[in-house]
Amino acid sequence: MVHYGDYQMEIYRAGLNGRLPKLPVDFRELEARAHAAMPPELVSYVAGGCGNEHTQNINVSAFERWGLIPRMFVGAAKRDMSIDLFGMRLPTPIFMSPIGVIGLCAQDGHGDIATARAARKLGVPMVASTLSTNPLEEVASEFGETPGFFQLYTPTDRALAESLVRRAEAAGFKGIVVTLDTWVTGWRPRDLNQSNFPMLRGHALANYFSDAVFRGSLVEPPEKDLSAAIMQWGKIFGNPLNWDDLPWLRSLTKLPLIMKGICHPDDARRAIDGGVDGIYCSNHGGRQANGGIAAVDLLPGIVKASCNTPVLFDSGIRSGTEVIKALALGATAVGIGRPYAYGLALDGVEGIVHVLRCILAEADLLMAVDGYPRIADLVPSSLMAVG
Ligand code: FNR
């Protein structure tokens, strides 16, 4: 059985030969190094959030109000971090959240491909954003045996939405994640102060520019008139969906359909009644609305409302400890966001692999030390509210 915690012995052993880890193993140092290495406008885009970033910050700090209760005489010498998700057995309970500019985070500008390669190496699924530098087919071709999910920003043009979903199906994606909270961009002071919105500069639009339906809506192809193509993208990007649209979304695919951005139990119940297969509790890392509630504080209500429907969660995960707490609160799988973008920025595929291995190692060792050998052992009563 794979024990992700073994990564620490690998690091200590390398130290005996005078080799230190190439990248830091903790988020704070990783973030600092990545910010120093990335272009300033990219740092703003990745690190920035909505308003004064209160929600973004408490997404992280709220986890500190929960403590995992250590249990002894468990003999957790063997741990199993695997989970079942939509009929698939996954080796770990984590996945990589969709990040629209992940392409730009790589030094070669092809971070979507690098992320897919890291997914393949570790068996950790990637949720590939609609906003990517390489078309979804190229991204999916790098997954190997690891399942991938396609994240859909639903455009106002229904034919384009359908085309993107068909392409994702044909490319072998194993589920469609519809992001509901971003039909309009939230107020992001860091980006506004730099007057920088990457897509308006033509970045991360490969899925649109390679799409027959999108191209059919243009007078000239993007290669001939980039500005007009970008303007057209701006017109069709965001669809303020309402409940009447759910049957149509459901009809688009037989693949597992997951709704991202669900934070209210009533919305979870209604989406499940409408036939979705998964609920994805997330506040977009505090990038979209500065409403003031940490995503993790909304998770228990969503889990309760979702009954047996899987609940994916992200927003505020910085280490294995938060992964474990989110699982104990009932998440089925936990999404890693900014940390993997920073690993990528510093060291490409290997940087992502390192960051994910660190998160998994910390989670595994927490399960070992505190006596929770299986994911199923992590339940709400494993936690104590401490603040
Ligand atoms: C995102 N996120 C996001 N979500 C989505 O559904 N589609 C997307 O294209 C993007 N793009 C994106 C870009 C950047 C730079 C970031 C940081 C985030 C949100 C992402 O999936 C996830 O919800 C957050 O990253 C979780 O917050 P933390 O843990 O990264 O703070």
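The rules we used
Residues numbered from 1 in each chain as written. Predicted model: local features only at pLDDT ≥ 70, side-chain atom pairs only at ≥ 80, totals over all residues. Heavy atoms only, no water. Pairing = 2+ DSSP bridges. Helix = DSSP H or I, 4+ residues; strand = E, 2+ residues; numbered from the N terminus. Contact = heavy atoms within 4.5 Å. Salt bridge = Lys/Arg side-chain N within 4 Å of Asp/Glu carboxyl O. Buried < 20%, exposed > 50% of the residue type's maximum accessible area, 1.4 Å probe, protein only. Phe/Tyr/Trp six-rings, centres within 6.5 Å; stacked < 30°, edge-to-face > 60°. Lys NZ or Arg CZ within 6 Å of the ring centre and 35° of its normal. Near = heavy atom within 4 Å. Polar contact = N/O pair within 3.5 Å; in protein donor to acceptor, adjacent residues only side chain to side chain. Areas by Shrake-Rupley, 256 points an atom, 1.4 Å probe, with all protein chains shown as cover. Nonpolar A, V, L, I, M, F, W, Y, C, P; charged D, E, K, R; others polar. Right-handed = clockwise from strand over helix to strand, strands pointing away. Disulfide = S-S within 2.5 Å.

Draft legend 1. Seen up close, the sheet that holds strand β8 (residues 257-260). In space, the 8 strands of this open sheet follow the order β4-β11-β10-β9-β8-β7-β6-β5, with parallel pairing throughout. Two strands in the sheet have a free side with no partner beyond their single neighbour: β4 (94-96) and β5 (127-128). For β5 and strand β6 (residues 149-152), the ladder comprises 2 bridges, and the chain directions are parallel. Residue pairing in the sheet places Val 127 in a bridge with Phe 149 of β6.

Draft legend 2. View of the side chain of Arg 338. Inspection of the secondary structure puts Arg 338 in helix α17 (residues 338-370). In this view, Arg 338 contacts Val 46, Ala 47, Gly 48, Gln 56, Ile 99, Gly 285, Arg 287 and Arg 318; residues no more than four positions away in its chain are not counted.

Draft legend 3. Fine view of the pattern of salt bridges. For the structure shown, the criterion picks out 18 salt bridges. Here Arg 374 makes a salt bridge to Asp 377, at a shortest N to O gap of 2.9 Å. Classification of Arg 374 as partly exposed rests on a relative accessible area of 46%. Salt bridges sharing common partners tie together Glu 137, Arg 167 and Asp 211.

Draft legend 4. Spatial organisation of the packing of aromatic side chains. Tallied over the entire structure, the rule returns 12 aromatic pairs. With centroids separated by 5.0 Å and ring planes inclined at 65°, the aromatic side chains of Tyr 153 and Phe 237 adopt a geometry described as edge-to-face. Note that Tyr 153 is positioned in the loop between β6 and α8 (158-171) and Phe 237 in the loop between α12 (226-236) and α13 (246-251), a separation of 84 residues in sequence. This pair shows no difference in class: Tyr 153 is buried, exactly as Phe 237 is. Aromatic side chains Trp 233 and Phe 237 sit 5.0 Å apart centroid to centroid with 45° between the ring planes, which places their arrangement in the tilted category. What makes Trp 233 buried here is its relative accessible area of 4%. An aromatic cluster is built from Tyr 153, Tyr 208, Phe 209, Phe 214, Trp 233 and Phe 237, whose rings are joined through pairwise contacts. Looking at Arg 287, its charged tip hangs above the ring of Tyr 45, at a distance of 4.8 Å from the centre.

Draft legend 5. Representation of helix α16 (residues 320-328) within the structure. For α16, a buried count of 8 out of 9 residues is recorded, marking the element as mostly surrounded by other parts of the structure. Every buried residue belonging to α16 is among Gly 320, Glu 322, Val 323, Ile 324, Lys 325, Ala 326, Leu 327 and Ala 328, and all of these are buried. Of the residues trailing α16, Gly 330 is marked for its positive phi of about 115°.

Draft legend 6. Molecular detail of the site of the ligand. Near the ligand you find 23 residues, and of these Pro 98, Ser 129, Thr 179, Arg 318 and Arg 338 are the closest. Gly 100 has a polar backbone atom sitting 2.8 Å from a nitrogen atom of the ligand. At 3.3 Å from a nitrogen atom of the ligand is found a side-chain nitrogen or oxygen belonging to His 284. For the ligand, whose accessible area on its own is 610 Å², the fraction buried by protein is 99%. Residues of the shell around the ligand, tallied by class, amount to 7 nonpolar, 11 polar and 5 charged.

Draft legend 7. A look at the pairing of strand β11 (residues 333-336). Covered by surrounding structure in β11 are Ala 333 and Gly 335 together with Val 334 and Ile 336, the residues of both alternating faces. Judged from the 3 bridges that link them, β4 and β11 form a sheet pairing that is parallel. The residue bridging Met 96 from the neighbouring strand is Ile 336, located in β11. On the question of chirality, the crossover connecting strand β10 (residues 311-313) to the parallel β11 by way of α16 is right-handed.

Draft legend 8. Inspection of helix α3 (residues 40-47) at higher detail. Burial within α3 is extensive, with 6 of its 8 residues counted as buried. Where α3 is concerned, the buried positions are Leu 42, Val 43, Ser 44, Tyr 45, Val 46 and Ala 47. In this structure, the buried residues of α3 make contact with α2 (27-37), α4 (54-61), α5 (102-105), α9 (189-193) and α17.

Draft legend 9. Region of the structure containing the state of the cysteines. Applying the stated rule across the entire model yields 0 disulfides. Lacking any disulfide linkage, Cys 281 is separated from the closest cysteine sulfur, that of Cys 263, by 4.8 Å. Here Cys 281 falls in the buried class, since its relative accessible area comes to 0%. Distance from the sulfur of Cys 358, which forms no disulfide, to the nearest cysteine sulfur (Cys 105) is 18 Å.

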